Amino acid sequence: MPVIAKSKEELINVISESVSVEGDLVNIKDEKKLRDKTIDDLIYTAVFSEDEGTKEEAKRIIRETANQFGAVAASIHDFYMAIGRGEVDNLTTPAVNIRGMTYDVARQIFRVANKHNVGAFIFEIAKSEIGYTFQRPSEYASCVLAAAIKEGYKGPVFIQGDHFQFNAKKYAEDPEKELQAIKDLTEEAIKAGFYNIDIDPSTLVDYSKPSLKEQQYHNYINTAKMTQFIRDIEPEGVTVSIGAEIGHIGGKNSTVEEFEAFMEGYLSEIPEGMAGISKMSVQTGTEHGGIPLPDGTVAEVKLDFNVLKDIGKVAREKYGLGGTVQHGASTLPDELFDKFPESNCCEIHLATGFQNIMYDLIPEDFRNEIYEYIKENFKNEWKEGQTEQQFIYKTRKKGFGPFKYQWWTLEDQYKSRILEALYDKFEFLFDKLKVFNTKESVERYVKPLKISYGSVKG
């Protein structure tokens, strides 16, 4: 079991054989010891220490150590712009949301990357997930970078804020307050090393308006405001990759005309010469987490690849973007995944399928404990007409935060089965999405800067 330091002094003592800390400077003294043991102590302290100052110091040391090691937080913006110019062969970057056991799960992704020379892959966490998984951006970034060190991965590490989404009800009550809330979260994320941010005001699209541009108005105007805000605070030398969205996931399918209406309005609102978005999320017929049937199984979804293909073609040829982005995809049938790279889809978001693997393989008594907690604490979310299986399936994502320590410290026999299954799934998906042997291509366009923890303008 890793050491969880209770004070900064104890932390420095624990890591002293492999890492030296002198003021703001961190140096690797013994890389083998760092990877064998010290990095485990650092990340468990960063996540579970009861002293907030000690947790923050552990996060800082992880970030500085990762910089020295060569696992550097980076933006994928320039790589996507290269895709938009037609300089990179068709591929779809997997963006993986990790809700639980983040350090160990991220290690499996880096293992796949090392084995197959993968450079195009993203770790992400959504605004909603930050809340119910109890993972603030600094913790999430620390877990990812610590995993890179543990697995010996060197190169750009893409960490993304997914669905930094506007709440339509709160926006209607006070637009500026809701905008400021998204700004505050974005600044927190960028300070932590999230140099990829997906802004999502698609919830504000108003289909009652007569013209497409009017329908998209609050979407494009707030995406433009957030673009300018991000460009003002991003570290010097970094162009944060910004994603936009025109179709709220779970809603009606997106069209080329809606995309062009959005872009017309958006480009008129950002200053000339300012780097804009790098990709566009669209709705193709999926829903986050899939659609559970009464028996708890997931309904088959009819996904319209023409939405991805047609909007992606315009995105690349007319606007120079990386292409379209597919959400809600991890529960799709395996045979569909090789279709995304040929459909102008530059990125695909994957989450619930990995969660399902984890829940399937934990001890039954632990699973039942979580389910009882959910039924007791989230019964107000149990919709009329839902079976218990449907309710549990849609709500069990909220069992990661309150049981975080139990997930992280599962008995080895259960943890190893989960991680092996996840490794196999990641390897399968990365192959289908054609990101094997992309490391050199990514590094040709992405030159990450070793920026200190918390570095941000202003």
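Further up the page is the structure itself.
Rules used throughout
Residues numbered from 1 in each chain as written. Predicted model: local features only at pLDDT ≥ 70, side-chain atom pairs only at ≥ 80, totals over all residues. Heavy atoms only, no water. Phe/Tyr/Trp six-rings, centres within 6.5 Å; stacked < 30°, edge-to-face > 60°. Helix = DSSP H or I, 4+ residues; strand = E, 2+ residues; numbered from the N terminus. Buried < 20%, exposed > 50% of the residue type's maximum accessible area, 1.4 Å probe, protein only. Lys NZ or Arg CZ within 6 Å of the ring centre and 35° of its normal. Core = buried A, V, L, I, M, F, W, Y, C linked by side-chain atoms within 4.5 Å. Contact = heavy atoms within 4.5 Å. Polar contact = N/O pair within 3.5 Å; in protein donor to acceptor, adjacent residues only side chain to side chain. Pairing = 2+ DSSP bridges. Axes fitted to C-alpha atoms, helices over the stretch in contact; angles between N-to-C directions. Parallel < 35°, antiparallel > 145°, perpendicular 65-115°, else oblique. Left-handed = near helix turned anticlockwise from the far one by under 90°. Nonpolar A, V, L, I, M, F, W, Y, C, P; charged D, E, K, R; others polar. Expected span 1.5 Å × (residues − 1).

Student: Sorry, what's going on with the packing of aromatic side chains here?
Tutor: When we look at a pair of aromatic rings, we describe it by the centre distance and by the angle of the planes. Applying the stated criterion across every chain, the model contains 30 aromatic pairs. On the basis of an interplanar angle of 90° and a centroid distance of 5.2 Å, the ring pair of F48 and Y405 is categorised as edge-to-face. Here the residue F48 occupies a position in helix 2 (residues 31–48), and Y405 occupies one in helix 17 (residues 404–408), the gap between them amounting to 357 residues. The class for Y405 is partly exposed, based on a relative accessible area of 39%. In this structure an aromatic cluster arises from ring pairing among Y359, F366, Y371, Y373, F378, F400, F403 and W407. Over the ring of F69 we find K154, and its NZ or CZ is 4.6 Å from the ring centre. It is K439 that lies over the ring of Y153; its NZ or CZ is 5.0 Å from the centre.

Student: Help me out: how do you make sense of the nonpolar core in this one?
Tutor: For soluble globular proteins, the rule of thumb is that nonpolar side chains tend to be buried together. Counting 143 residues, the largest nonpolar core has I43, F79, F123, F340 and W407 as its most contacted members. The element best represented in this core is helix 7 (residues 137–151), accounting for 9 residues. With residues near it in sequence (within four places) discarded, F123 still touches V96, I98, A106, I109, F110, Y140, V144, V157, F158, I159 and Q160.

Student: Got a minute to help me understand the side chain of T133 in this structure?
Tutor: For T133, the position within the fold is in the loop between helix 6 (127–132) and helix 7. Residue class for T133 comes out buried when judged on its relative accessible area of 1%. Here the side chain of T133 touches Q135 through a polar contact of 3.1 Å, side chain to side chain. Beyond its immediate sequence surroundings of up to four residues, T133 is in contact with R99, I125, F400, G401 and K404.

Student: It is not clear to me how the pairing of strand 9 (residues 279–282) should be interpreted in this structure. Could you clarify?
Tutor: As a general feature of sheets, a regular strand has side chains that alternate between the two faces. A two-sided burial pattern is seen for strand 9, the buried positions comprising K279 and S281 on one face and M280 and V282 on the other. Across 3 bridges, strand 8 (residues 241–245) lies against strand 9 in parallel orientation. Note that in strand 9 the partner of G243 across the bridge is K279. The pairing of strand 9 with strand 10 (residues 324–326) spans 3 bridges and is parallel. The partner of M280 across the bridge, within strand 10, is T324.

Student: Hey, could you run me through the packing of helix 14 (residues 352–361) against helix 18 (residues 412–432) in this one?
Tutor: Helix packing geometry: the angle between the two helix axes and the distance between the axes. At a minimum axis separation of 9 Å, helix 14 and helix 18 run at an interaxial angle of 155°. Classified by the angle their axes make, helix 14 and helix 18 are roughly antiparallel. Considering how the two elements wind past one another, helix 14 and helix 18 form a crossing that is right-handed. Residues F354, I357, M358 and L361 of helix 14 lie in contact with helix 18, whose contacting residues are Y414, R417, I418, A421, L422, K425, F426 and L429. The residue inventory of the contact of helix 14 with helix 18, partitioned by class, reads 10 nonpolar, no polar and 2 charged.

Student: Could you clarify how one ought to interpret helix 5 (residues 102–116) in this entry?
Tutor: An α-helical turn contains 3.6 residues, so any two residues separated by three or four positions project in the same direction. End to end, helix 5 covers 21 Å across 15 residues, agreeing with the expected 21 Å (1.5 Å per residue, within 8%). Across the 15 residues of helix 5, 11 count as buried, placing the element largely inside the fold. One or two steps after helix 5, the chain reaches N117, where phi turns positive at roughly 60°.

Spatial relationships are all this shows, so hold off on functional conclusions.
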